[in-house]
Amino acid sequence: QVQLVESGGGLVQAGGSLRLSCAVSGRTLSPYAMAWFRQAPGKDREFVAGISWSGGSTYYADSVKGRFTIYRDNAKKAEYLQMNSLKHEDAADYYCAAGITMYGRSRTEYPYWGQGTQVTVSS
(Lines give C-alpha, C1' and ligand atoms only; values in the text may rest on other atoms or scores of the structure.)
Protein backbone atom coordinates (compact mmCIF):
# COMPACT_ATOMS: atom_id res chain seq x y z
CA GLN A 1 0.00 0.00 0.00
CA VAL A 2 1.02 3.56 -0.69
CA GLN A 3 -0.23 6.54 1.29
CA LEU A 4 0.04 10.04 -0.17
CA VAL A 5 -0.30 13.38 1.61
CA GLU A 6 -0.22 16.67 -0.25
CA SER A 7 0.78 20.04 1.15
CA GLY A 8 1.72 23.49 -0.06
CA GLY A 9 -1.56 24.74 -1.39
CA GLY A 10 -2.84 28.19 -0.59
CA LEU A 11 -3.72 31.61 -1.91
CA VAL A 12 -1.46 33.19 -4.51
CA GLN A 13 -1.78 36.16 -6.80
CA ALA A 14 -2.06 35.67 -10.52
CA GLY A 15 1.42 35.54 -11.97
CA GLY A 16 2.85 34.18 -8.75
CA SER A 17 4.38 30.85 -7.85
CA LEU A 18 3.61 27.98 -5.53
CA ARG A 19 5.22 24.64 -4.84
CA LEU A 20 3.13 21.63 -3.95
CA SER A 21 4.60 18.66 -2.14
CA CYS A 22 3.46 15.07 -1.85
CA ALA A 23 4.83 12.92 0.95
CA VAL A 24 4.74 9.19 0.43
CA SER A 25 4.55 6.55 3.12
CA GLY A 26 4.12 2.82 2.97
CA ARG A 27 5.97 0.71 0.48
CA THR A 28 8.85 1.88 -1.67
CA LEU A 29 8.18 4.36 -4.45
CA SER A 30 9.78 2.13 -7.04
CA PRO A 31 8.44 1.30 -9.60
CA TYR A 32 5.56 3.74 -9.24
CA ALA A 33 5.11 6.59 -11.63
CA MET A 34 3.61 9.63 -9.98
CA ALA A 35 1.40 12.42 -11.16
CA TRP A 36 -0.56 15.50 -10.27
CA PHE A 37 -4.19 15.95 -11.18
CA ARG A 38 -6.50 18.85 -10.42
CA GLN A 39 -10.20 19.40 -10.07
CA ALA A 40 -11.96 22.73 -10.20
CA PRO A 41 -15.50 23.14 -8.85
CA GLY A 42 -18.03 21.64 -11.22
CA LYS A 43 -15.37 20.13 -13.46
CA ASP A 44 -13.86 16.71 -13.94
CA ARG A 45 -10.53 15.83 -12.42
CA GLU A 46 -7.87 16.41 -15.05
CA PHE A 47 -4.29 15.36 -15.56
CA VAL A 48 -1.66 18.05 -14.91
CA ALA A 49 1.77 16.41 -14.92
CA GLY A 50 3.41 13.03 -14.56
CA ILE A 51 6.87 11.65 -13.85
CA SER A 52 8.40 8.22 -14.29
CA TRP A 53 9.57 6.26 -11.27
CA SER A 54 13.20 7.14 -11.99
CA GLY A 55 12.39 10.79 -12.60
CA GLY A 56 13.96 10.58 -16.04
CA SER A 57 10.75 11.23 -17.95
CA THR A 58 8.19 13.94 -17.35
CA TYR A 59 5.02 14.81 -19.24
CA TYR A 60 2.55 17.64 -18.95
CA ALA A 61 -0.87 18.80 -19.94
CA ASP A 62 -0.65 21.41 -22.68
CA SER A 63 -2.29 23.96 -20.40
CA VAL A 64 0.63 23.94 -17.94
CA LYS A 65 3.58 23.12 -20.18
CA GLY A 66 6.35 25.65 -19.70
CA ARG A 67 4.90 26.94 -16.44
CA PHE A 68 4.79 23.88 -14.18
CA THR A 69 7.61 21.50 -13.32
CA ILE A 70 7.17 18.09 -11.74
CA TYR A 71 10.04 16.36 -9.97
CA ARG A 72 10.60 13.75 -7.33
CA ASP A 73 13.10 12.73 -4.70
CA ASN A 74 12.85 8.99 -4.14
CA ALA A 75 15.31 9.10 -1.25
CA LYS A 76 12.95 11.47 0.55
CA LYS A 77 9.89 9.63 -0.76
CA ALA A 78 8.43 12.84 -2.07
CA GLU A 79 7.07 14.38 -5.22
CA TYR A 80 6.76 18.05 -6.04
CA LEU A 81 4.98 20.37 -8.42
CA GLN A 82 6.54 23.77 -8.95
CA MET A 83 3.91 26.10 -10.38
CA ASN A 84 4.98 29.40 -11.91
CA SER A 85 3.07 32.15 -13.74
CA LEU A 86 -0.15 31.00 -12.14
CA LYS A 87 -3.41 31.90 -13.86
CA HIS A 88 -6.93 32.10 -12.54
CA GLU A 89 -7.77 28.94 -14.44
CA ASP A 90 -5.15 27.05 -12.42
CA ALA A 91 -7.27 27.40 -9.28
CA ALA A 92 -8.40 23.94 -8.18
CA ASP A 93 -7.88 21.15 -5.71
CA TYR A 94 -4.63 19.43 -6.61
CA TYR A 95 -4.16 15.72 -6.06
CA CYS A 96 -1.05 13.59 -5.93
CA ALA A 97 -1.35 10.12 -7.45
CA ALA A 98 0.82 7.03 -7.85
CA GLY A 99 0.57 4.04 -10.12
CA ILE A 100 2.45 1.56 -12.26
CA THR A 101 2.08 3.18 -15.64
CA MET A 102 4.08 4.63 -18.48
CA TYR A 103 3.06 8.17 -19.40
CA GLY A 104 -0.38 7.63 -17.93
CA ARG A 105 -2.79 10.55 -18.15
CA SER A 106 -5.95 8.80 -17.06
CA ARG A 107 -7.22 8.67 -13.49
CA THR A 108 -7.79 4.95 -13.88
CA GLU A 109 -4.06 4.32 -14.22
CA TYR A 110 -3.37 5.60 -10.71
CA PRO A 111 -4.81 3.52 -7.88
CA TYR A 112 -3.28 5.58 -5.08
CA TRP A 113 -4.41 9.12 -4.28
CA GLY A 114 -3.88 11.81 -1.70
CA GLN A 115 -6.64 13.85 -0.14
CA GLY A 116 -5.89 16.99 -2.14
CA THR A 117 -4.63 20.48 -1.45
CA GLN A 118 -6.42 23.63 -2.56
CA VAL A 119 -4.87 26.28 -4.76
CA THR A 120 -6.61 29.63 -5.04
CA VAL A 121 -5.45 32.29 -7.50
CA SER A 122 -6.45 35.87 -6.84
CA SER A 123 -6.36 38.94 -9.06
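It should be noted that the structure appears before, not after, this text.
The numbers attached to residues start from 1 for each chain and follow its sequence in the written order. pLDDT decides what is reported in this predicted model: residues at 70 or higher carry local features, side-chain atom pairs at 80 or more are listed and counted, and totals for whole chains, interfaces and linings draw on all residues regardless. Values shown for side chains rest on all heavy atoms present in the structure; no hydrogens or waters enter the calculation.

Details of the environment of Gly10
- Helix and strand definitions here come from DSSP, where helices need a minimum of 4 consecutive H or I residues and strands a minimum of 2 consecutive E residues; each element is numbered from the N-terminal end. Among the structural elements, Gly10 can be located in strand β2 (residues 10–13).
- Here Gly10 falls in the partly exposed class, since its relative accessible area comes to 25%.
- As for Gly10 and Val121, which are separated by 111 residues in sequence, their C-alpha atoms are 8.5 Å apart.
- The contact criterion used throughout is that any non-hydrogen atoms of two residues lie within 4.5 Å. Apart from the residues lying within four places of it in its own chain, the contact partners of Gly10 are Leu18, Gln118, Val119 and Thr120. In this scheme, a residue with accessible area under 20% of its type's maximum is buried, one over 50% is exposed, and one in between is partly exposed, where area comes from a 1.4 Å probe on protein chains only.

With respect to unusual backbone geometry
- Not every positive phi belongs to a glycine, and Ser85 is a case in point at roughly 50 degrees.
- Structurally, Ser85 is set in the loop between β8 (78–83) and β9 (92–99).
- One non-glycine residue, Tyr103, lies in positive phi territory at about 60 degrees.
- Assignment of secondary structure puts Tyr103 in the loop between β9 and β10 (112–113).

Things to note about the packing of aromatic side chains
- What counts as a ring pair is set by centres within 6.5 Å for rings of Phe, Tyr and Trp (its six-membered ring), and what kind of pair is set by the plane angle: stacked under 30 degrees, edge-to-face over 60, tilted for all other angles. According to the stated counting rule, one finds seven aromatic pairs in the structure shown.
- An angle of 80 degrees between the planes, with centres 5.7 Å apart, marks the rings of Tyr32 and Tyr112 as edge-to-face. Remark: Tyr112 occurs in strand β10 and Tyr32 occurs in the loop between β3 (18–26) and β4 (33–39); sequence separation between them is 80 residues.
- Among the residues examined, Tyr32 registers a relative accessible area of 6% and is labelled buried.
- Judged by relative accessible area, which is 17%, Tyr112 ranks as buried.
- Summarising the aromatic geometry, the rings of Phe37 and Phe47 are spaced 5.7 Å apart at their centres and angled 80 degrees between planes, so their arrangement reads as edge-to-face. Here the residue Phe37 occupies a position in strand β4, and Phe47 occupies one in strand β5 (residues 46–51), the gap between them amounting to 10 residues.
- With relative accessibility at 1%, the residue Phe37 sits in the buried group.
- Among the residues examined, Phe47 registers a relative accessible area of 9% and is labelled buried.
- In textbook terms, an aromatic cluster arises when at least three aromatic residues are bridged by ring pairs, as seen for Phe37, Phe47, Tyr59, Tyr103, Tyr110 and Trp113.
- Criterion for a charge above a ring: Arg CZ or Lys NZ at most 6 Å from the ring centre, at most 35 degrees from the ring normal. Here Arg45 stacks its cationic end above the ring of Tyr95, 3.6 Å away from the centre of that ring.
- When the ring centre of Trp113 is taken as reference, the NZ or CZ atom of Arg45 above it lies at 5.1 Å.

Here's the deal with the pattern of salt bridges
- For this analysis, a salt bridge means a side-chain nitrogen from Lys or Arg found within 4 Å of a carboxyl oxygen belonging to Asp or Glu. Summed over all chains, the structure comprises four salt bridges.
- Taking the shortest distance from any N to any O, the salt bridge between Arg38 and Glu46 comes out at 2.6 Å.
- Glu46 sits in the partly exposed class, given a relative accessible area of 37%.
- Of the charged contacts, one joins Asp62 and Lys65 as a salt bridge, the two residues approaching to 3.2 Å between their closest N and O atoms.
- Within the structure, one salt-bridge network assembled from shared partners comprises Arg38, Glu46, Arg67 and Asp90.

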